[in-house]
Amino acid sequence: MRPSRAVSPLLRENRDFRMVWIGQTVSLVGDQVSLIAIPLTAVLVLDAGPAQMGFLTAAGYLPNLIFSLHAGAWLDRRGRRRQTMIAADVGRALLVATIPLTAAFGGLTLAQLYVVAFLVGTLSVLFFVAYGTLFVALVPRDDYISASSLMQGSRALSYVAGPSLGGLLVQVLTAPYALVVDAVSFLGSAVALARVAPEEPPTEKAERGHVSAGARWILASPTVRSALAATATINFFNFVFFSLFILYATTELHVTPGLLGLVLGAASIGGVIGSIVSGRLSRRIGVGPAFVLGCILFPAPFLLVPLAGGPRPVVLGLLFLSEFGTGLGVMILDIAVGSIFAALIPDRLRSRVSGAYMLVNYGVRPIGSLAGGFLGTAIGLRPTLWIAAIGGLTGFLWLLPSPIPRMRVLPEPAD
């Protein structure tokens, strides 16, 4: 088979999408390095405890509660979403670079980590609210599932490379200096975005109800409303879990940073498999049932982490299986729901619907992180992980009375 035949037709034929895909692939690897390096900086360098880890995770996601709704309205009025995404990438690169810089001079504090996490989270709100509109400007409707699979496939590959690279860099360089990789990756994303020029949807006038229009549209849509309830429930308990996972793995399971990164990276092959099979699965059982399945497969493997104990190979094996199953489930979930939303949401409301959706779906993340920190301090890490794992499994119940379980193909655009 010639190499060109092995490449997706969408990547061969759609230059602008190819450039954005390359930029996001680089950036996602850097994000995964930070995902392990920042918590390890807090734990290993600054001796953070459960409550402080909860605060750190919450700081990164608090901007979703504060800014998402207005960010969507502002972008629908202003347009120029690509330029906004480039500015967000450059700003995030500079902010992340301050951590190794201050560490080199011995001035790094938890307060700085909180501030950097909050400001990076603020710029990420702008980036991801703008992304949905840029995606449909780059990709024809018939290619939504293929394009989503490619983007999520890059995300899955970043789960393989990022934690392994991050754990290795932390082991060799110490945690703060590993973050240089993420700063550089943001610049790579900015360069890729600067090389495309898609035609964006027209802007909207700022009329009465402009800011809340996205929220009202979600409430009126049984499909998006139930999807939001399901994903927000899963995300809340996911972040109760996530805020304590690295602390639990390193302090109670005694897994070293390098080994933890390698195990998590290897286990993320589940995400790669999920990105490959999700399109075929959606065609076989329907895009809606695939979404429901993803909402079950994503949180269920969390149950294996508080079960982990005994000999080191057993502990590492259970962590591997947990991450493998979670990666498989989240890819199926995200590709299915992303394709449904790309097809269903009207262009003129896309940024505002994205902002309103993020307000809730991402806004529960800092609340979950704070709840995780509080519960971890009050009742211990392991009982809190049990609560998070069981709670996340309830999320799919919101979907059962909605149109989603009966949705075989992508819906037509809504009014």
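Up top you'll find the structure we're talking about.
A. Structural view of the overall build of the chain. Within the chain, the regular secondary structure consists of 19 helices and 0 strands. Here the C-alpha atoms of the chain give a radius of gyration of 20 Å, agreeing with the 22 Å that 2.2 N^0.38 yields for 415 residues. Judged by the C-alpha coordinates and their principal axes, the chain covers about 55 × 55 × 45 Å. Burial status across the chain gives 58% buried among its 415 residues. Taking the contacts inside the chain whose residues are at least 6 apart along the sequence as the reference set, 88% of them involve residues at least 24 apart. Of the roughly 16,800 Å² of accessible surface on the chain, a fraction of 68% belongs to carbon and sulfur atoms.

B. Expanded view of a nonpolar patch on the surface. On the surface, a nonpolar cluster with roughly 380 Å² of combined accessible area is contributed by Leu62, Leu65, Ile66, Phe67 and Ile367. Of the residues forming the nonpolar patch, the biggest block, 4 residues, is contributed by helix 4 (residues 50-78). Relative to the assigned elements, Ile367 resides in helix 18 (residues 364-379).

C. Quick peek at the layout of surface pockets. Approximately 330 Å³ is the volume found for the largest pocket. For the lining of the largest pocket, the secondary-structure elements that each account for two or more residues are helix 2 (9-13), helix 7 (144-173) and helix 13 (269-285). Broken down by element, the residue count for the lining of the largest pocket peaks at 7 residues, all from helix 7.

D. Expanded view of the packing of aromatic side chains. Tallied over the full model, the rule gives 10 aromatic pairs. Relative to Phe118, the ring of Phe67 has its centre 6.3 Å away and its plane inclined at 65°; by these criteria the two rings are edge-to-face. One end of the pair, Phe67, is in helix 4; the other, Phe118, is in helix 6 (residues 110-138), with 51 residues separating them in the sequence. Look at Phe241 and Phe245: their rings are 5.9 Å apart centre to centre, the planes differ by 15°, and that puts the pair in the stacked class. Of this pair, Phe241 and Phe245 both sit in helix 11 (residues 222-251), separated by 4 residues, roughly a single helical turn. There is no split in this pair, since Phe241 and Phe245 are both buried. Taking the ring centre of Phe127 as reference, the NZ or CZ of Arg92 above it sits at 4.6 Å. One cation-aromatic arrangement involves Arg365 over Tyr362; the distance from NZ or CZ to the ring centre is 3.9 Å.

E. Representation of the packing of helix 11 against helix 18 in the model. Two elements in contact, helix 11 and helix 18, have axes separated by 7 Å at closest approach and are oriented at 45°. By the angle between their axes, helix 11 is oblique relative to helix 18. As helix 11 runs across helix 18, the sense of the crossing is right-handed. Only Val364, Arg365, Ile367, Gly368, Ser369, Ala371, Gly372, Gly373 and Gly376 of helix 18 make contact with helix 11, whose side of the interface consists of Ala232, Asn235, Phe236, Phe239, Val240, Ser243 and Leu244. Partitioned by chemical class, the residues of the contact of helix 11 with helix 18 number 8 nonpolar, 7 polar and 1 charged.

F. Geometry of empty space enclosed by the protein. Within this structure, the stated rule accounts for 2 cavities of 30 Å³ or more. Surrounding the second largest cavity, Gln24, Ser27, Leu28, Asp31, Asp89, Arg92, Phe127 and Phe128 form its lining. Grouping the constituent residues of the lining of the second largest cavity by class yields 3 nonpolar, 2 polar and 3 charged.

Cut-off values and rules
Residues numbered from 1 in each chain as written. Predicted model: local features only at pLDDT ≥ 70, side-chain atom pairs only at ≥ 80, totals over all residues. Heavy atoms only, no water. Helix = DSSP H or I, 4+ residues; strand = E, 2+ residues; numbered from the N terminus. Rg over C-alpha atoms; globule rule 2.2 N^0.38 Å. Buried < 20%, exposed > 50% of the residue type's maximum accessible area, 1.4 Å probe, protein only. Contact = heavy atoms within 4.5 Å. Areas by Shrake-Rupley, 256 points an atom, 1.4 Å probe, with all protein chains shown as cover. Patch = residues over 30% accessible without salt bridge, like charges linked within 9 Å, V, L, I, M, F, W, Y side chains within 5 Å. Salt bridge = Lys/Arg side-chain N within 4 Å of Asp/Glu carboxyl O. 1 Å grid on protein atoms, 1.4 Å probe; cavity = no way out; pocket = protein on both sides within 12 Å on 5 of 7 lines; lining within 4 Å. Points joined across faces, edges and corners; volume = space filled by probe spheres on them. Phe/Tyr/Trp six-rings, centres within 6.5 Å; stacked < 30°, edge-to-face > 60°. Lys NZ or Arg CZ within 6 Å of the ring centre and 35° of its normal. Axes fitted to C-alpha atoms, helices over the stretch in contact; angles between N-to-C directions. Parallel < 35°, antiparallel > 145°, perpendicular 65-115°, else oblique. Left-handed = near helix turned anticlockwise from the far one by under 90°. Nonpolar A, V, L, I, M, F, W, Y, C, P; charged D, E, K, R; others polar.

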